[in-house]
Amino acid sequence: MEKEYREEDYLQLSGIQHFLYCRRQWALIHIEQQWSENGLTTDGKLFHQRVHDENAIELRGDTLSVRGMRISSCHLGITGCCDLVEFHRVKEKGISLQGYLGQWSVTPIEYKRGKFDYCEADAAQLCAEALCLEEMLCCEIPCGILFWGEKHRRVKVDLDDALRIRTCN
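Residues numbered from 1 in each chain as written. Predicted model: local features only at pLDDT ≥ 70, side-chain atom pairs only at ≥ 80, totals over all residues. Heavy atoms only, no water.

Here the focus is the packing of aromatic side chains. Counted according to the given criterion, the structure contains 2 aromatic pairs. Ring geometry for Tyr 111 against Phe 147: centres 4.6 Å apart, planes inclined by 50 degrees, an arrangement best described as tilted. Taken together, the residues span a long stretch of sequence, with Tyr 111 in strand E6 (residues 100-112) and Phe 147 in strand E7 (residues 143-148) at a distance of 36 residues. Like Phe 147, Tyr 111 is buried. (Phe/Tyr/Trp six-rings, centres within 6.5 Å; stacked < 30°, edge-to-face > 60°. Helix = DSSP H or I, 4+ residues; strand = E, 2+ residues; numbered from the N terminus. Buried < 20%, exposed > 50% of the residue type's maximum accessible area, 1.4 Å probe, protein only.)

Okay, structure coming up:
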């Protein structure tokens, strides 16, 4: 039987990226509550401002974009917010969405400030978002997208078994 965490014990999903990138940084932010704004963090906050607008839901053709979607997993004990989740209308093997006709696939998109700089810590955060969405929506998500704002570049990330295992361990 899988363990289920109580909501009051959930960790912040963003902590996964911090922990894998630098454990000291993670401890300062998430345990010691030490955070200092600087030019880069302020720029990142401004960059994420639009994408975190929970009221911004947009349907363009067969793509429904939902910004700032709150997610959680009682099995992983994490909670957070997806920058963007794109739902793409599919002919079969999708999920139903209340208020929208048809079947939909699910693609989480994680925004990163700056130039293209792929790292496993970012992929793990994206994978954790997908795992939460899979649990919440009872679906399978084979890939996600990392988006770098400065270059407006999207990179597809396969959420393979190896990445899922690294993310959960």
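Attention shifts here to the side chain of Thr 107. As for its placement among the helices and strands, Thr 107 is situated in strand E6. Once you skip the residues sitting within four places of it in the chain, Thr 107 turns out to touch Leu 84, Val 85, Glu 86, His 88, Cys 143, Gly 144 and Ile 145. (Contact = heavy atoms within 4.5 Å.)

Here we come to the nonpolar core. Core analysis: the largest hydrophobic core is formed by 31 residues, its most contacted members being Met 69, Phe 87, Val 106 and Leu 133. Of all the secondary-structure elements, those providing two or more residues to this core are strand E3 (63-73), strand E4 (78-90), strand E5 (95-97), E6, helix H4 (120-137), E7 and strand E8 (153-158). (Core = buried A, V, L, I, M, F, W, Y, C linked by side-chain atoms within 4.5 Å.)

The pairing of strand E1 (residues 11-12) with E4 spans 2 bridges and is parallel. Within E4, the residue paired with Leu 11 across the bridge is Ile 78. Across 10 bridges, the pairing between E3 and E4 is antiparallel. Residue Val 66 lies in a different strand from E4, and its bridge partner there is Val 85. What sits between the antiparallel neighbours E3 and E4 is a turn of 4 residues, in which Gly 77 has the positive phi angle 70 degrees. One ladder, built from 7 bridges, connects E4 with E6; its direction is antiparallel. Across the sheet, the residue bridging to Arg 89 is Trp 104, located in E6. (Pairing = 2+ DSSP bridges.)

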